[in-house]
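Inside the fold
Take a look at the letters that make up each chain.
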Amino acid sequence: MASKEEMKAAIHAAFDAAVPDGAGYTKVYASDMKQKNFIVYRRTTIHNYAVGFRPGSTELVILPVDEENGTIIAGTPVTITDANRGTTKKRDLQGRFHVAPTDGQNFRLTVIPSVPKITSAFYQLPVDQREEYEAFQEVKSLICA
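Residues numbered from 1 in each chain as written. Predicted model: local features only at pLDDT ≥ 70, side-chain atom pairs only at ≥ 80, totals over all residues. Heavy atoms only, no water.

1. Some words on the pattern of salt bridges
Within the structure shown, the criterion is met by 7 salt bridges. Asp128 serves as the salt-bridge partner of Lys4, at 3.9 Å between the closest nitrogen and oxygen. Taken together, the residues Lys4 in helix α1 (residues 4–18) and Asp128 in the loop between β8 (107–109) and α2 (130–144) connect sequence positions 124 residues apart. Linking Glu132 and Lys8 is a salt bridge whose minimum nitrogen-to-oxygen distance equals 2.8 Å. (Salt bridge = Lys/Arg side-chain N within 4 Å of Asp/Glu carboxyl O. Helix = DSSP H or I, 4+ residues; strand = E, 2+ residues; numbered from the N terminus.)

2. Regarding the nonpolar core
Among the nonpolar cores identified, the biggest contains 18 residues, and Val51, Leu60, Ile62, Val99, Phe107, Leu109 and Phe136 are the most heavily contacted of them. Contributions of two or more residues to this core are made by β1 (26–37), β2 (42–53), β3 (60–68), β5 (78–80), β7 (97–101), β8 and α2. With 4 residues, α2 is the largest single contributor of residues to this core. Leaving out residues up to four positions away in the same chain, Leu60 has contacts with Val51, Gly52, Phe53, Val78, Thr79, Ile80, Phe97, Val99, Phe136, Val139 and Ile143. Of all hydrophobic cores here, the second largest spans 16 residues; its members include Ala50, Val61, Val65 and Leu125. (Core = buried A, V, L, I, M, F, W, Y, C linked by side-chain atoms within 4.5 Å. Buried < 20%, exposed > 50% of the residue type's maximum accessible area, 1.4 Å probe, protein only. Contact = heavy atoms within 4.5 Å.)

3. Here's the deal with the environment of Phe53
Mapped onto the fold, Phe53 is located in strand β2. With 27 residues separating them along the chain, Phe53 and Ile80 place their C-alpha atoms 10 Å apart. Setting aside residues no more than four positions away along its own chain, Phe53 makes contact with Tyr25, Thr26, Val28, Glu59, Leu60, Glu132, Ala135, Phe136 and Val139.

4. A short note on a nonpolar patch on the surface
A grouping of Phe38, Ile39, Val40 and Tyr41 is seen on the molecular surface, where their side chains present a nonpolar patch of about 530 Å² in accessible area. Positionally, Phe38 belongs in the loop between β1 and β2. Assessed through its relative accessible area of 40%, Phe38 is described here as partly exposed. (Patch = residues over 30% accessible without salt bridge, like charges linked within 9 Å, V, L, I, M, F, W, Y side chains within 5 Å. Areas by Shrake-Rupley, 256 points an atom, 1.4 Å probe, with all protein chains shown as cover.)

5. Concerning the packing of aromatic side chains
Overall, the coordinates contain 4 aromatic pairs when judged by the stated rule. On the basis of an interplanar angle of 85 degrees and a centroid distance of 5.6 Å, the ring pair of Tyr49 and Phe107 is categorised as edge-to-face. Placement of the pair is Tyr49 in strand β2 and Phe107 in strand β8, with a sequence separation of 58 residues. A relative accessible area of 8% means that Tyr49 is categorised as buried. Phe107 sits in the buried class, given a relative accessible area of 5%. The rings of Phe53, Phe97 and Phe136 are connected pair by pair, giving a single aromatic cluster. Over the aromatic face of Tyr25 sits the side chain of Arg54, whose NZ or CZ is 4.0 Å from the ring centroid. (Phe/Tyr/Trp six-rings, centres within 6.5 Å; stacked < 30°, edge-to-face > 60°. Lys NZ or Arg CZ within 6 Å of the ring centre and 35° of its normal.)

This is the structure in structure tokens:
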């Protein structure tokens, strides 16, 4: 398994490759855990994202990412601006940030300063992102103001 620094660098590189002017964004790793309870068992699905933002701006670029054998595979980026932003919620009961563009998608993002390697067993990607986390909190406050 890749180290936290290697994983963070791979996520940033995937973002830079998938998003025009990707290097101009500050990037943070986010995840969303969705659980469905059935009578006999519970199913948990983890969605991983690279979220790009510019400090002082309210624009977000959300890039779905997946990890296969240490390689980060990027999905299709979704750009959310003031013009296409629908509902937002700074924090739900699980501590997630909700943001939805007007096209009907809905993102519930959990961003934490450091994702421990042990949670990689739960399919979260292990990264250290304390500085980026603090910058994201400011942007989140601007978006929800």
